[in-house]
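Here are the chains, one letter per residue:
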Amino acid sequence: MLGCLGLLVAAGCGRRAGVETSGEETTLVFKHSKFFGNPGAFEALLQQFEKENPGLRVKSETLPNSSDEQHQFYVINLQARSVDFDVLALDVVWGAEFARAGWLKEIGAWFSPEMQEEFFRAPLEAVAYGGKVHAVPWFIDAGVLYYRKDLLSQTHRDAPKTWDELVAIARQVTQDNPGLYGFVWQGKQYEGLVCNALEYLWSNGGNVIQNGRVVIDSPENRQAVAFMRDLIYRYHVSPQLVTTLTEEPSRNLFGNGKSVFLRNWPYAWSLFQQDGSAVKDKVGVTVLPHFPGKESAATLGGWQLGVNACSKHPEAAERLIRFLTSYEAQKALALAYALNPTRKKLYEDKDLLAAQPFTAQLHQVFERARPRPVTPFYVMISQHMQTEFSAVLVNLKTPDDALKTLQAEIDGILKQNPAANVSQ
Amino acid sequence: MKQRHPRQFLEPLCFLSPALVVLAAVTLYPILYVLWLSLQRWSLIAGGHGFIGLQNYVRLAHDGRFWNALSNTVYFTGVSVALELVLGLAIAVLLHRAFPGKGLMRAVLLIPWAVPTVVSAKMWGWMYNADYGIFNYLLGTQVNWLGSPAWALHAAILMDVWKTVPFVAILLMAGLAGVPPELYQAARVDGASPWMIFRRVTLPQLRPLILVVLIFRTIDAFRVFDAIYVLTGGGPANTTETLSIYAYKILFQTLQFGYGSTLAVVVFFCVGLITLAYLRAMRKAGA
Amino acid sequence: MKRLWFHFQLVVLAFWCLGPFLWQSATSLKPATQLTRLPPILPQPPTPEHYLTIFRDYPFLHIIINSIVVAAATTLLALAIGALAAFALGPLAMKGRALVLTFVLSVSMFPPIATVSPLYLIIQNLGLRDTVAALILTYTTFSLPLAIWVLTHFFRNLPTELYLAARVDGCTAFQAFRRVLLPLSAPGLVATGLVVFIFSWNEFLYALTFTATVSSRTVPVAIALFPGLHEVPWGEIAAASIVVTLPIVVLAFAFQRRIIEGLTAGSVKG
């Protein structure tokens, strides 16, 4: 079935595919979201690639930062079999979807199992579909818990290991310091909510899809989702405005000193440590709490590099990908933009650790990160999850009803094509 | 009765042809494409591509999320267009007389309309922020404007009204400029109060233009996407999900091009029905 | 007393329009660390760093020029084509005009997100991708329904005697159109022109889809692409929106006064 799809795409592209140029100059177009920081460092990296590969030029084109807008752009362009770009940076949840739609060219043999060993396990799961690898992990992210060291030491408590401990500490601190929020996280109806919710589900031993079966309606999950709601309405540890928060607003709240705990991605750390920040040197980071007897879990984020199936220069495109995901390139980008590398060895690199000591701590977080359900239908499933979890958070639905609805909906979606490869 | 002169058709056609050519060339293919797609089953992910007739429409009729989006859209459209019309008309009447600084005032009036939608949505989102937003600050409240089902849609309505009242006001002001002043003078000589002048002279003169404005505002409000999507993303719990947002999510997130096109066609029909209703109501009132 | 009430209403109106905008201005001058804190309402101290950033680190001027070119071209085209069409549908009383008006209106009834994909295919096949021409073509098309409807209304409102008198005097239809009808419908033309201009200025979806690089990028897309240390560079966005809105206001101020006051002053009514 996939083979037929592949043939169709190849046939469709055949009309447009050009001859591989040799000796002449070929220009590769690389589409990605903007980097935060001085673009000069990335340009220098590309120039180095051009030096090492005479005859190749790389044109870097940025897309808006919103994941939605990028997805929309790719859908329109890749569906129209555009040849306007060769390499694209994909969000970690799009891999299976794009592969299934036939938009990505399979990554060649150079990305061997031995080389894959050098990368974190979780992103590798996210780039595999149908037994083949369709993208190379570029950057990695995972959810972490930020906390106010100074406030916790006032109460003589360590960073919480379980969710109950977090609630207890938050209540105690907010009692002593009225006007503070206990715990802020991303509860708006968008993809980030699913990232947050999954961390509660997983840290209670529950899951969404296991071995191809939908297991989202389980006692563990009901407990976890109920806890998420109780954070707002029962323990009053999280304010109701959590339902409007995304990464930046929540980061701002914590960064202005208004909250004891924050769940966010690692990028926020350097912002908290800036001069003029209200919480400079007062912030600690740790893995997210878990339910008693279970293990902590963090949702995997990050980006991968793939080749446009209709690209006229697939071989050169893969060379660029190989370069950008190499040890040196990832190190340079980590130093310039604080982007977390996907190569495990870099977390022992002396230069990197000297410049960004915080990064070393993240190694254990990334080791245990878990990808969201790897299925071509993920975005569809996520839409349903966003709606239902949001309904729970605004008290429109009970956790039980929400999970029952999700079980039925996700079941229905997967039944559309049982042959679709679904992991975890 | 107009003469049935052949020139009556050919001559105007020359003037009309540029518009027809442009419109047909650019929009005919997309519209036909969307209509054709709505009769297909085409999901890039689930695979399979085939003609299924009206099955998409049947599926739509049973889709609870569609009815939710429809009711959100109707509510949003009804309230915002009503408010915009009333406020726009009031502003147009207010600014109709000559006064020092009139030009400046008209220019200031443009500002909400001139700010890019993406920017104003982000701006309002920021003002609505429950923690550091200016609204809660000035009102001294802690209302969760964008995060509670009760307030979110109304917050979006207020933002949309702010943004598009200038559109209504500008067009109606131009309309007012075209009302012959003798009508006003005659009414005043007859001893009519300002309110009666407004009702008996101004409104009837403006009615056709009000209709045009109403139609276009309704069409735009019914298809609203950017403003609400940036503000709330359709949440919380789909309480601000309009038909366009739903169609967007189906088309570009779940890649179901057939079903998404069906949604678009239904929006088209709804808007068409509303427009016909307006035209009929206006015709009856005018008689 | 009445004057006081009038002025009060003006003040309220000005505040309503300007309020959020003033808030943006204040934000655009705030140092980065104060952006999300309240108080202070006013920047302490005000800093021009955001304005400098958007012009220095980014070819913002080029992008503004793109937007101006696209919006101006669209406005002129839409007004020209629309006025011609309105002439046919109004004074010339073409047969079947209700049908034509309905067809024209139906073009604007589809949600743009549904038509963006097939439109993209058209643009791609015409080889117009990443050009301002693609945007001008698209925006003109989608502004035409409003332009045609509004201008048809204005033309119909004009007394037909003037047009007939001009024809009797020996003008062709086009000359009568140009010399008599156009000047008299100045308010409608200006209002429509403004609306079309602002629509093109602010349009985002098609601009995002059809453009790829700075050579054709317009302001809304540029703002969405702003580089910045934080995910939402509030300071830069605020500065950009001020920079981008002021020209329109100035433009509107200049045009409204000169054209409407100048032309209608000498028009003949009745």
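All values reported here derive from a predicted model rather than from experimental measurement.

K.L.:
What should I look at first to understand the pairing of strand β3 (residues 87-91) of chain A in this one?
P.N.:
On a regular strand, each side chain points to the face opposite its neighbour's, so the side chains alternate between the two faces of the sheet. Of all 5 residues in β3(A), 5 are buried, a share of seventy percent or more. Alternating residues of β3(A) divide into V87(A), A89(A) and D91(A) and L88(A) and L90(A), and every residue in both groups is buried.

K.L.:
Teacher, can you tell me more about the interface of chain C and chain B here?
P.N.:
Accessible area lost on assembly of the parts is the figure often given for the size of an interface. Taken together, the contacts link 78 residues of chain C with 72 residues of chain B. Elements that contribute at least two residues to the side of chain C that touches chain B include exactly α1 (2-28), α3 (60-89), α4 (97-107), α5 (112-125), α6 (132-157), α9 (186-202), α11 (219-224) and α12 (234-265) of chain C. Looking at the side of chain C that touches chain B, the element that brings in the most residues is α6(C), giving 12 residues. Among the residues forming the side of chain C that touches chain B, the class breakdown is 55 nonpolar, 19 polar and 4 charged.

K.L.:
Would you mind showing me how to read unusual backbone geometry here?
P.N.:
Residue and element names in this part refer to chain B. Look at the link from G235 to P236: it is a cis peptide, with omega at -5°. Tracing the backbone shows P236 in the loop between α10 (226-232) and α11 (243-253). One non-glycine residue with positive phi stands out, namely A237, at about 55°. Along the chain, A237 falls in the loop between α10 and α11. Under the C-beta neighbour-count criterion, A237 is labelled buried, with 25 such atoms within 10 Å.

K.L.:
Can you walk me through the domain arrangement of chain A in this structure?
P.N.:
Residues and elements named next belong to chain A. With domains assigned, chain A is organised as domain 1 (2-141 + 301-370) and domain 2 (142-299). Taking the mean C-alpha position of each, domain 1 and domain 2 sit 31 Å from one another. Taken together, the contact between domain 1 and domain 2 spans 14 residues of the former and 15 residues of the latter. Per-element tally for the side of domain 1 that touches domain 2: the top contributor is helix α16 (residues 358-367), with 5 residues. The residue makeup of the side of domain 1 that touches domain 2, split by class, is 7 nonpolar, 4 polar and 3 charged.

K.L.:
Which parts of the structure should I look at to understand the sheet that holds strand β8 (residues 144-148) of chain A?
P.N.:
Neighbouring strands of a sheet are bound in pairs by backbone hydrogen bonds; such pairs are parallel or else antiparallel. Residue and element names in this part refer to chain A. Across the sheet, which stays open at both edges, the 4 strands sit in the order β9-β12-β8-β13 with mixed pairing between neighbours. Either end of the sheet is taken by a strand with one partner, and the two such strands are β9 (181-184) and β13 (283-286). In this sheet, neighbouring strand axes are inclined to one another by 15° on average, regardless of whether the strands run parallel or antiparallel. Relative to strand β12 (residues 259-264), β9 runs parallel, the two being bridged by 3 bridges. Looking across to β12, one finds that V184 is bridged to L262.

K.L.:
Would you take a moment to explain the packing of helix α4 (residues 102-114) of chain B against helix α7 (residues 149-177) of chain B for this structure?
P.N.:
The relative placement of two packed helices is expressed as an angle between their axes plus a distance between the axes. Residue and element names in this part refer to chain B. Interaxial distance between α4 and α7 falls to 7 Å at its minimum, and their mutual angle equals 130°. Classified by the interaxial angle, the pair formed by α4 and α7 is oblique. Relative to α7, α4 is oriented so that their crossing is left-handed. Along its contact with α4, which presents L109, L110, P112 and W113, the element α7 presents W162, K163, T164, P166, F167 and A169. Its residues assigned to classes, the contact of α4 with α7 shows 8 nonpolar, 1 polar and 1 charged.

Reading the values: rules and limits
- Residues numbered from 1 in each chain as written.
- Chains lettered and ligands numbered in written order.
- Predicted model: local features only at pLDDT ≥ 70, side-chain atom pairs only at ≥ 80, totals over all residues.
- Buried ≥ 20, exposed ≤ 12 C-beta atoms within 10 Å, placed from the backbone.
- Helix = DSSP H or I, 4+ residues; strand = E, 2+ residues; numbered from the N terminus.
- Contact = placed C-beta atoms within 7 Å.
- Nonpolar A, V, L, I, M, F, W, Y, C, P; charged D, E, K, R; others polar.
- Domains from an automatic or database assignment.
- Pairing = 2+ DSSP bridges.
- Axes fitted to C-alpha atoms, helices over the stretch in contact; angles between N-to-C directions.
- Parallel < 35°, antiparallel > 145°, perpendicular 65-115°, else oblique.
- Left-handed = near helix turned anticlockwise from the far one by under 90°.

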